[in-house]
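Examination of the molecular architecture
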Amino acid sequence: MAQEDVFKKIVSHCKEYGFVFPSSEVYDGLGAVYDYGPHGVELKNNIKKYWWESMTLLHENVVGIDSAIFMHPTIWKASGHVDAFNDPLIDNKDSKKRYRADVLIEDYLAKTDEKIAKETEKAAKRFGSTFDEAKFRATNPRVLEQQARREAIHARFVKALNDSNLEELRQIILDTEIVCPVSGTRNWTEVRQFNLMFSTEMGSTSEGAMKIFLRPETAQGIFVNFLNVQKTGRMKLPFGIAQIGKAFRNEIVARQFIFRMREFEQMEMQFFVRPGEEMEWFNKWKKTRLAWHKALGLGDAKYRYHDHDKLAHYANAATDIEFEMPFGFKEVEGIHSRTDFDLSQHEKYSGKKMQYFDPEQGQSYTPYVVETSIGVDRMFLSIISGSYAEEALGNGESRVVLRLPAALAPVKLAILPLVKKDGLPEKAEEIRAMLRFDFHCQYDEKDSIGKRYRRQDAIGTPYCITIDHQTLEDNQVTIRYRDTMEQERVAIGKLHEIIAEKVSLKNLLKKINN
Ligand code: GAP
């Protein structure tokens, strides 16, 4: 099936099974804003718990905060967001559609890479076991030509971004003959900068209302609390502050479902280090964060690092962790070395010292910062995409299954009496009463057992417990495993232990604790 179709199916599956709904749907929705349904909110909370505990339990020098969304407007002047948090936009005059100029060029570069990869794949098939890929890429004239053109465009693109040269961005779009996907024409406007922050007013107008911004990142709430946390927690460098919270960006191009939203949630951690030690910590956090992703078991090949072409105004190094979504490898998390930019700027704009006294060195300085920043919603999408599968069953039927990591699954087990009579529902209730305090259980007695299994597969429930007539005699139930569909007879008394072992967040955390 084409990846585009898979993505469409994932979006409708999310709606049908209560994971994600378009916001304000009865009023025809609101662009790039979504609501999470009953299963979605459970999965989302589990993702947040996994992140939070990995930060605050596995690192004794990382503590949490929860800062307000509204902040003093000067914060955004100091951070550079008022002047530099812009995207370059371009309109197609025929379709009247608006695009991000940089994204159009990035898509063009990705397509060229795909073409080269296809060319190489074809040759590999033709030559069989004697195929030498490196040699082919280094000598094939068509590949060399495409590669050279790609490199030249890439170099111009990076330079244009770094120089904020909007005319050159437009020229690259014209030179590469990029067409509007809707009108199919090359009738483009100039490229303009567009600030992504939402603003609102605080206080009544009679008092003189103040223009404030909805935060576009949670990080600034951490920076301005740096000294509060350091002093009250008697923290010594290096140490980190973690936070989960909403962020808002008036994205120009809202597409790809919950990948790019206007209201979303971030999980950010700022790690404060001695100046000069930031690259060592940057590399450590890169590894730690990738291990966190891989521990979920969605497949190591689905992740890769991507170094930034253009560094943000505050960074001296930056890498993304990308996940292979149905629409290609895309950023899920950013790891940035932010230097002392933010703390120095807040010191300058507030007039308050933002320095740390280092008892070992006997001097004060402004710490450097390494940041890990991940979007909850993108993480959610990567997990759903990586787990979604359509499978043919032996009997001519098929099933849709979400192979969610068991520790994150919204429902951990389903309790299913085989029939609605003969005391089986009562026995099932007994089992539910025993397990409900530790695991999110769902009780279901409607329809055939096959249909009930399908419903649980579709929401990713790792275990189904079936209670039958035999259960009343031997106190055993059948446990059915979502991924293998294998069934096993186990004693009711053993259920807690078996399930706890498999769905435990603790066991997931142990995998990355090295
Ligand atoms: N404090 C640094 C920062 O905000 P970023 O790369 O702009 O860096 C970090 O954002 C993460 O936030 C991204 O990797 C992504 O997962 C998430 N994110 C950013 N914009 C988003 C959007 N419009 N919709 C959903 N998630 C978004």
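Cut-offs applied
- Residues numbered from 1 in each chain as written.
- Predicted model: local features only at pLDDT ≥ 70, side-chain atom pairs only at ≥ 80, totals over all residues.
- Heavy atoms only, no water.
- Core = buried A, V, L, I, M, F, W, Y, C linked by side-chain atoms within 4.5 Å.
- Buried < 20%, exposed > 50% of the residue type's maximum accessible area, 1.4 Å probe, protein only.
- Domains from an automatic or database assignment.
- Contact = heavy atoms within 4.5 Å.
- Patch = residues over 30% accessible without salt bridge, like charges linked within 9 Å, V, L, I, M, F, W, Y side chains within 5 Å.
- Areas by Shrake-Rupley, 256 points an atom, 1.4 Å probe, with all protein chains shown as cover.
- Salt bridge = Lys/Arg side-chain N within 4 Å of Asp/Glu carboxyl O.
- Helix = DSSP H or I, 4+ residues; strand = E, 2+ residues; numbered from the N terminus.
- Near = heavy atom within 4 Å.
- Polar contact = N/O pair within 3.5 Å; in protein donor to acceptor, adjacent residues only side chain to side chain.
- Nonpolar A, V, L, I, M, F, W, Y, C, P; charged D, E, K, R; others polar.
- Pairing = 2+ DSSP bridges.
- Axes fitted to C-alpha atoms, helices over the stretch in contact; angles between N-to-C directions.

**Looking at the nonpolar core**
The biggest cluster of nonpolar side chains holds 61 residues, and the ones touching the most others in it are Phe19, Tyr50, Trp51 and Phe380. Residues lining this core come from more than one domain, with at least three contributed by each of domain 1 (1-85 + 196-392) and domain 3 (402-513). Residue contacts for Trp51: discarding those within four places in its chain leaves Ala242, Gln243, Ile244, Met267, Glu268, Met269, Arg289, Trp292 and Ile374. Core analysis: the second largest hydrophobic core is formed by 21 residues, Ala406, Ile431, Tyr463 and Ile498 among them.

**Side note on a nonpolar patch on the surface**
Residues Phe70, Met202 and Met210 make up a contiguous nonpolar surface patch of about 270 Å² in total accessible area. Within the secondary structure, Met202 sits in strand 7 (residues 199-202).

**Section: the site of the ligand**
Near the ligand, the surroundings consist of 21 residues, among which Glu217, Glu251, Glu268, Glu331 and Val332 are the closest. Contact distances for the ligand include 2.5 Å between a nitrogen atom and a side-chain N or O atom of Glu268. When the ligand sits alone it has 550 Å² of accessible area, and the protein chains cover 93% of it. Listed by contribution, the elements that provide at least two residues to the shell around the ligand are strand 10 (263-273), strand 13 (328-339) and strand 16 (368-375). Ranked by residues supplied to the shell around the ligand, first place goes to strand 13 with six residues. The residue makeup of the shell around the ligand, split by class, is six nonpolar, five polar and ten charged.

**Structural notes on the pattern of salt bridges**
Within this structure, the stated rule accounts for 43 salt bridges. For Glu53, the salt bridge goes to Lys49, with nearest N and O atoms at 3.8 Å. A residue pair is termed a helical-turn pair when its members lie 3 or 4 positions apart in one helix, as Glu53 and Lys49 do in helix 2 (residues 38-56) at four residues. According to the relative accessible area criterion, Lys49 is partly exposed, its value standing at 43%. As a salt-bridge pair, Arg455 and Asp444 come within 2.8 Å of each other at their nearest N and O atoms.

**Comments concerning the sheet that holds strand 20 (residues 441-443)**
If you trace the five strands from one edge of the open sheet to the other, you get 20-19-21-22-23, paired in mixed fashion. The sheet terminates laterally at strand 20 and strand 23 (487-491), the two strands that pair on one side only. The mean angle between the axes of side-by-side strands here comes to 25 degrees, regardless of whether they run parallel or antiparallel. Relative to the sheet, helix 14 (residues 424-435) contacts strand 19 (413-417), strand 20, strand 21 (463-467) and strand 22 (476-481), its axis offset from that of strand 19 by approximately 160 degrees.

**Side note on the side chain of Thr461**
Tracing the chain through its elements places Thr461 in the loop between helix 15 (449-459) and strand 21. Only 2.6 Å separates the side chain of Thr461 from the side chain of Gln456, close enough to count as a polar contact. Non-local contacts of Thr461, meaning those with residues more than four positions away in its chain, are made with Val411, Lys412, Leu413, Ala414, Gln456 and Arg482.

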